[in-house]
Amino acid sequence: MLSRKTKHTIKKILSMFSVVRGYNIPIIALAQYLSAIFILAPEKRALSVLLDFNLFIIVLASGLTIASGYIINNFYDSKKDLINRPNKSKIDRLVSQRTKLQVYFTINSVVALLAYLVSFRAAVYFSVYIFLIWFYSHKLKKHPIIGNLTAALLAILPFFAILLYYKNLYPQIFAHATFLFLLILIREIIKDLENIKGDIANDYRTIPVLFGEITAKKIITTLTIITILPIYLLVDKYDVGYMDIYFYLSLMVLIFFLYFLWKSNSKIQYIQLHVILKLLIVSGVFCIVLIDPDVLIHGRSLIKL
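All residue numbers refer to position in the chain's written sequence, counted from 1. Under the rules for a predicted model, residues below a pLDDT of 70 receive no local features and side-chain atom pairs below 80 are neither given nor counted, while totals for whole chains, interfaces and linings still include all residues. Calculation of side-chain values draws on the structure's entire complement of heavy atoms; hydrogens and water are dropped beforehand.

## Focus: the overall build of the protein
Okay, step 1: The secondary structure content of the protein amounts to 18 helices and zero strands.
Okay, step 2: Taking the principal axes of its C-alpha atoms as reference, the protein extends roughly 55 × 50 × 45 Å.
Okay, step 3: When the 305 residues of the protein are sorted by exposure, 47% land in the buried category. Only DSSP runs of H or I reaching four residues or more are called helices, and only runs of E reaching two or more are called strands; each is numbered from the N terminus. Throughout, exposure labels follow a simple rule: accessible area from a 1.4 Å probe, protein chains only, divided by the maximum for the residue type, with under 20% read as buried, over 50% as exposed, and the rest as partly exposed.

Given below as structure tokens:
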């Protein structure tokens, strides 16, 4: 039998895991490595990419920065989450606000040291990234449009860290980034629709709060239609291997998404739309391997140094 103190400690660890959304960070790390192997450094051997110490540090620093971002976001959103996510909020509140801040500053200090091991430029990049996350959570999140745009930008910045490391500026990379940016931006507005009650109660000036649900849906529809452009470029102009299957399927999913968007008018329905977008984004991570599946099929010969 576990002692009372041990049980309390385990609960706090699980609470912190919930705060930092530990289940998301491995997916982002995987996405960074797959992007490096299949998109950003296709001329390099896969094994040399996987064993690159500097890349490992960048991925680790990115994961820690994202974790600290979730902590500071949770710190500022604690009152709102009591309304929008009461069950999750109960778990998150097992760790005090003071402890969250202590962990936040500790993680950021570690990130700065790790990034400096790579280069001074990396240290500056992650310092700016950390500041932007804090500024978004503290100020920008409560404002319409700019808050959504900043959230989407912050979500793709870990991939730009890899981009800057390899210094590859292929046009298809920006097409991939644009598609991902649009999906995340749409998801952010869906989250605003989902959390409208808590936003109103805590004076968050989001698009649905200021302009209404219909206007928010019109903006989402416009953004969804715009995704056709990067999809067209990726499947028709650039070589993405078999990943064009993913983009065709994404287009079909987004058509059904729009249909259900205009049928939705409750929190649970917006949550379902949010889940659809999240699954689309996560599946896109795993589908990166379709760019060159031979790396998996004949991996032993292809990754040989």
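There's plenty left to go through after this.
## Let's talk about the nonpolar core
Generally speaking, nonpolar side chains in soluble globular proteins are found buried as a group.
Okay, step 1: In plain words, nonpolar cores are sets of buried Ala, Val, Leu, Ile, Met, Phe, Trp, Tyr and Cys residues tied together by side-chain atoms within 4.5 Å. Ranked by internal contacts, the top residues of the largest apolar core, which has 86 residues, are Phe126 and Ile190.
Okay, step 2: Here this core takes 11 residues from helix α10 (residues 171–194), the largest share from any one element.
Okay, step 3: Aside from chain neighbours lying at most four places away, what touches Ile190 is Ile220, Phe257, Leu261, Tyr270, Leu273, His274 and Leu277. Between two residues, a contact is recorded if the distance between any of their heavy atoms is within 4.5 Å.

## Remarks on the environment of Leu113
Okay, step 1: Position of Leu113 relative to the elements: it lies in helix α7 (residues 97–118).
Okay, step 2: The spatial distance from the C-alpha of Leu113 to the C-alpha of Ala61 is 9.2 Å, given a sequence separation of 52 residues.

## Considerations on the packing of α10 against helix α13 (residues 213–226)
Okay, step 1: Axis geometry follows a simple rule: fit a line to the C-alpha atoms, using only the stretch in contact for helices, then measure angles between N-to-C directions, giving values from 0 to 180 degrees. Viewed as axis vectors pointing N to C, α10 and α13 meet at an angle of 165°, and their least axial separation amounts to 10 Å. Relative to α13, α10 is oriented roughly antiparallel. Our pair here, α10 against α13, has a crossing hand that is left-handed. Along the contact surface, α10 presents Leu182, Leu185, Ile186, Ile189, Ile190 and Leu193, while α13 presents Glu213, Ala216, Ile219, Ile220, Leu223, Thr224 and Ile226.
Okay, step 2: Here the contact of α10 with α13 is composed, by residue class, of 11 nonpolar, one polar and one charged. Throughout, the term roughly parallel applies to angles under 35 degrees, roughly antiparallel to angles over 145, roughly perpendicular to angles from 65 to 115, and oblique to all others. We call a crossing left-handed when the near helix sits turned anticlockwise from the far one by less than a right angle, and right-handed when that turn is clockwise. Any residue that is not Ala, Val, Leu, Ile, Met, Phe, Trp, Tyr, Cys, Pro, Asp, Glu, Lys or Arg is counted as polar, Gly included; the first ten are nonpolar and the last four charged.

## Notes on the pattern of salt bridges
Okay, step 1: The term salt bridge refers to a pairing of a side-chain nitrogen on Lys or Arg with a carboxyl oxygen on Asp or Glu at a separation within 4 Å. For the structure on display, the rule yields two salt bridges.
Okay, step 2: The salt bridge involving Arg187 is made with Glu188; its shortest N-O contact spans 3.9 Å.
Okay, step 3: As a salt-bridge pair, Lys191 and Glu188 come within 3.4 Å of each other at their nearest N and O atoms. Of the two residues, Lys191 and Glu188 both sit in helix α10, three residues apart, roughly one turn of that helix.

## A few points about the packing of aromatic side chains
Okay, step 1: Two aromatic rings, drawn from Phe, Tyr or Trp (for Trp, its six-membered ring), form a pair once their centres lie within 6.5 Å of each other, and the interplanar angle then sorts them: stacked below 30 degrees, edge-to-face above 60, tilted otherwise. Across all of its chains, the model carries 11 aromatic pairs by this definition.
Okay, step 2: Judged by centre distance (5.2 Å) and plane angle (70°), the rings of Tyr104 and Phe105 are edge-to-face.
Okay, step 3: Judged by centre distance (5.3 Å) and plane angle (75°), the ring pair of Tyr259 and Phe260 falls under edge-to-face.
Okay, step 4: Residue classification places Tyr259 among the partly exposed residues on the basis of a relative accessible area of 49%.
Okay, step 5: Here a set of aromatic residues connected by ring pairs shows up, and it is made of Phe131, Trp134 and Phe135.

## Some words on helix α8 (residues 120–138)
Okay, step 1: Helix span, expected: 1.5 Å multiplied by one less than the number of residues in the helix. Compared with an ideal rise of 1.5 Å per residue, which puts 19 residues at 27 Å, α8 spans 27 Å between its outermost C-alpha atoms and is within 8% of the ideal.
Okay, step 2: Buried within α8 we find Ala122, Ala123, Tyr125, Phe126, Tyr129, Ile130, Ile133, Tyr136 and Ser137. Seen from one end, α8 has its buried residues packed into an arc of 165°, which puts them on one side. Each direction from the helix axis to a C-beta atom contributes to the arc, which is the arc of those directions.

## Overview of α13
It helps to recall that an α-helix has 3.6 residues per turn; residues three or four apart then point in one direction.
Okay, step 1: A rise of 1.5 Å per residue sets the reference length of α13, with its 14 residues, at 20 Å; its end C-alpha atoms lie 20 Å apart and thus fit the reference within 8%.
Okay, step 2: When α13 is considered as a whole, its buried residues turn out to be Ala216, Lys217, Ile220, Thr221, Leu223 and Thr224. One side of α13 carries all its buried residues, which in axial view fall inside an arc of 165°.
Okay, step 3: Looking at the buried residues of α13, the elements they touch are α10, α12 (207–211), α14 (228–237), α15 (244–261) and α16 (267–286).

## Thoughts on the confidence of the model for the protein
Okay, step 1: On a range of 0 to 100, pLDDT expresses the predictor's confidence in each residue. With 93% of its residues at a pLDDT of 70 or more, the protein has an overall mean of 87.
Okay, step 2: Taken element by element, the protein is modelled with least confidence in helix α18 (residues 299–302), mean pLDDT 46, and with most confidence in α13, mean pLDDT 96.
Okay, step 3: Between residues 299–305, whose pLDDT stays under 50, and residues either more than four places distant or in other chains, the model counts 10 contacts.

## Quick word on unusual backbone geometry
Okay, step 1: Phi at Ile145 takes a positive value of approximately 65°, unusual for a residue other than glycine.
Okay, step 2: One can find Ile145 in the loop between α8 and α9 (146–166).

## What about the environment of Met243?
Okay, step 1: Residue position: Met243 is located in the loop between α14 and α15.
Okay, step 2: Residue Met243 is classed as buried on the basis of its relative accessible area of 3%.
Okay, step 3: Discounting chain neighbours no more than four positions away, the residues touching Met243 are His176, Gly284, Cys287, Ile288, Leu290 and Ile291.

## So, the packing of helix α2 (residues 25–40) against helix α4 (residues 53–76)
Okay, step 1: Interaxial distance between α2 and α4 falls to 10 Å at its minimum, and their mutual angle equals 150°. Crossing angle aside, the handedness with which α2 passes α4 is right-handed. Contacts between α2 and α4 involve Ile25, Ile28, Ala29, Gln32, Tyr33 and Ala36 on the former and, on the latter, Leu55, Phe56, Val59, Ser62, Gly63, Ile66 and Ala67.
Okay, step 2: When grouped by side-chain class, the residues that make up the contact of α2 with α4 number 10 nonpolar, three polar and no charged.

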